[in-house]
Structures are given as structure tokens and as C-alpha cells.
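In case you want the letters, here they are:
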Amino acid sequence: MRMLKAILKTMRPTQWTKNVFLLAALVFDRQITIFDSLARTLAGFFLFCLLSSAIYVFNDLIDAPSDRNHPKKRYRPIASGQLSERAAIITLLLLLAIILPLASLLSWGFFAICVTYLLLNIAYSRWLKHVAILDVFIIASGFVLRVAAGVTLIHVERFSPWLFVITTLFALYIGFGKRRSELVLLAGDANLHRRVLEGYTIPFLDQLLSILSATTIMAYSLYTFSAPNLPNNDVMMLTIPFVMYGIFRYLYLIHVKNAGGAPEDLVLTDRPLQIVVVLWGVAVLLIFYIF
């Protein structure tokens, strides 16, 4: 039981919330009420959760030596010795043996995206995570691949390319926010724990966050009245304040509260952020499926 708990902790199920981006095509193409599309998308969501867990296991295997010197990451199962490297490797191989064959059964496009995501993250864990700016772009590409994976699972009729742009900008915004919080947390020892942090400074990241927060809001605003699949009454524009508040709330958390190191934790713990996400989601569903 202790080993199973350690394996589950290494798989990080709390971070599966990132995979909701895979549902974008289903929701925004107005197919959530179609059983076949819903079933295929949920199956893809589950497989991508397992795939992201496999990446976390691989990443922890690679990072174990450096994680042991980190104030928080040293408690990860592999770094702390709760989970042996042999058990972690077996877990990784079993996950891939389950994921890849099932992914090919859903669609070859989905299988191709899963393989791309896997290879990209292996490259990131081994080399690309040490290259400033590019490291965050690689993280952002993972979110775009999630959206694209959802598109491959259903027959898309009205999905707007604007959502790829918004996803890219939003993911960059979250990624650079995370880098800023890491600099604050680790202070002068940042480069000892994560080499890529040598390429960042807090003023530089603050400039990037200012640019990305503005462009994300602008891109989303343009989407609400220019995308071809939206209601003709422009009612989608009413959701802009929710997006603005969410972005401003995240800025508040990383600047004032020095949070943001784990965005998925913020979504699960910060009540105002949870409320605005729920309100935005409800508004989108009402606009697409009721009005």
C-alpha cells in the first residue's frame, strides 16, 4: 500500500486538471450533448491524464538528484526514496503500454498527438528545460496539443482557430508566472535548483506577464465577437469580465501573495479563482446550449 501511494503521488492526479483543455473542441463545437462525441472525448481525456502522469514519472526520475536539494521537491517519492527507481521505471512502461494502443484505437490523429506530446516532453526533461523562454514555450505547446487532441476525437464543424491563439497566450502567461514564483521562492539559490532560472529576472518576467495578460484579454475579446461559431447576438462578450478578473486575480496572487508556483494548486485552493472559473464555465454553457 505504501508503494501504491507513492506511485499515485508521483503520477500527480491533482495536475490532471490541466487536461480539461482537451474538452475545448467538444464544448465550443456544441457537441457536448452528442453521446458518441462525449464518450470519445472523455476516453481521450482519461488517456491523456495517464500520459501526463507517465511524463511526471519520467521527469521525476531524471530530476531526482536536483530535487533532493529543493525545499519542496525533495519530498517527492523518488527524490525522498519512498519509491525506488526500478518501481518508477516499471510504472512508466506499464502506463505507456496501456496508453499508446488505446490511443490508436480512438484515432490515429490522437495517437500521433500523444506520441508528439511524449517525445516533446522527453526532450524538455532532458535538454529544453534549461533554455530560457523556450522552456515556457514548450510547456505552452503542451496545452495547445491538448486542444488539438480534442479536435482529432470528434468531427469538428464550428471550432474556431481563435481558441488555439488564446490557449497559447494563456499557457505562456501561466508558465512565466510560475517561473516568477520560483525565483521568489528560491531567492539567491534559484540557479542551484533550476538552471534555467539563470536566464530570468523578476523585472523581465513582470514585463512578459504584463504583455501576455493584455494580449490574452485582447485575443479573447476578439474571439467573442469574431469567431464564426458564436451566437449572432454577441452575448459571448458578456464573459469577458470573468476572463479579465481571472487574469487579474492570478497577477494578484503571484505579486501580492507570492503564490503561483503550481497553478493547478491555485485553482483547487483559491476560492475567488474557483468562483470565477465556475461562473465563466456556466456562462459559456448557457450561451452555447441555451441561448
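Just so you know, these numbers come straight off a predicted model, no measurement behind them.

**Overview of the overall build of the chain**
- Per the secondary structure count, the chain includes 13 helices and 0 strands.
- Each helix and strand of the chain, placed in order from N terminus to C terminus, yields the pattern α-α-α-α-α-α-α-α-α-α-α-α-α.
- Its C-alpha atoms give the chain a radius of gyration of 19 Å, within 12% of the compact-globule value 19 Å for 291 residues.
- Each principal axis of the C-alpha atoms in the chain carries an extent, and together these give about 55 × 45 × 30 Å.
- Intrachain contacts of the chain at a sequence separation of at least 6 include 72% that bridge at least 24 residues.
- Surface exposure of the chain reaches about 14200 Å², of which carbon and sulfur atoms provide 69%.
- Taking the average place of the 25 positive charges on the side chains of the chain and the average place of its 16 negative ones, the gap between the two points comes to 6 Å.

**Considering unusual backbone geometry**
- Residues other than glycine seldom take positive phi values, yet R12 does so here, at roughly 50°.
- Inspection of the secondary structure puts R12 in the loop between α1 (2–11) and α2 (24–28).
- Of the residues examined, R12 reaches a relative accessible area of 11% and is grouped as buried.
- Of note, the phi angle at R30 is positive, near 60°, even though the residue is not glycine.

**Focus on the packing of aromatic side chains**
- By the definition in use, this model includes 13 aromatic pairs.
- Relative to Y117, the ring of F48 has its centre 4.9 Å away and its plane inclined at 55°; by these criteria the two rings are tilted. Note that F48 is positioned in helix α3 (residues 35–67) and Y117 in helix α6 (residues 108–126), a separation of 69 residues in sequence.
- Grouping aromatic residues by their ring pairs yields a cluster made of F21, F143, F170, Y173 and Y250.
- Directly above the ring of F143 sits R146, whose terminal nitrogen or CZ lies 5.0 Å from the centroid.

**Points about the packing of helix α11 (residues 240–255) against helix α13 (residues 271–289)**
- Orientation of α11 relative to α13, taken along the N-to-C sense of each, is 160°, at an axis distance of 9 Å. Judged by the angle between their axes, α11 and α13 are roughly antiparallel. Here the hand of the crossing between α11 and α13 comes out left-handed. Contacts between α11 and α13 involve F242, V243, Y245, G246, R249 and L253 on the former and, on the latter, P272, L273, V276, L279, W280 and A283.

**Re the environment of L230**
- Looking at the element boundaries, L230 is found in the loop between α10 (202–226) and α11.
- Classification of L230 as buried rests on a relative accessible area of 7%.
- Once the C-alpha coordinates of L230 and S160 are considered, the two residues, 70 residues apart in sequence, prove to be 9.2 Å apart.
- Those residues in contact with L230, other than ones at most four positions away along the chain, are R30, Y223, T224, F225, M236 and F288.

**Brief notes about the nonpolar core**
- Of all hydrophobic cores here, the largest spans 82 residues; its most connected members are F28, F48, F110, F176, Y223 and M236.
- Residues in contact with F176, not counting those within four places in the same chain, are I133, V136, Y200, L205, L208, L209 and L212.

Conventions adopted
Sequence positions are assigned chain by chain, starting from 1 and proceeding in written order. Side-chain atom pairs in this predicted model are given and counted only at pLDDT of 80 or more, local residue features only at pLDDT of at least 70, and totals for whole chains, interfaces and linings cover all residues. To get the side-chain values, all heavy atoms of the structure are used, and hydrogens and water are removed first. Counting from the N terminus, the helices are DSSP H or I runs at least four residues long and the strands are E runs at least two residues long. For a compact globule the rule gives 2.2 Å times the number of residues to the power 0.38, and the radius of gyration it is set against comes from C-alpha atoms. Any two residues whose heavy atoms approach within 4.5 Å are treated as being in contact. Areas reported as accessible are Shrake-Rupley estimates using a 1.4 Å probe. Residue values count occlusion only from the protein chains shown. We treat Lys and Arg as the positive residues and Asp and Glu as the negative residues; His and chain ends play no part in the count. The location of each charge is read from NZ of Lys, CZ of Arg, CG of Asp or CD of Glu. Exposure classes here rest on a 1.4 Å probe applied to the protein chains alone. A residue is buried below 20% of its type maximum, exposed above 50%, and partly exposed in between. Aromatic pairs are defined between Phe, Tyr and Trp rings, using the six-membered ring for Trp, whenever the two ring centres lie within 6.5 Å; interplanar angles under 30 degrees are classed as stacked, those over 60 as edge-to-face, and all others as tilted. Working rule: Lys NZ or Arg CZ, within 6 Å of ring centre, within 35 degrees of ring normal, means a charge sits over the ring. Angles run from 0 to 180 degrees between N-to-C directions of axes, and those axes are lines fitted to C-alpha atoms, restricted for helices to the stretch in contact. Under this scheme an angle from 65 to 115 degrees is roughly perpendicular, one under 35 degrees roughly parallel, and one over 145 degrees roughly antiparallel; angles in between are oblique. Note on convention: the crossing is left-handed when the near helix lies turned anticlockwise from the far helix by less than a right angle, right-handed when the turn is clockwise. Residues belong to one nonpolar core when they are buried, are Ala, Val, Leu, Ile, Met, Phe, Trp, Tyr or Cys, and are joined through side-chain atoms within 4.5 Å.

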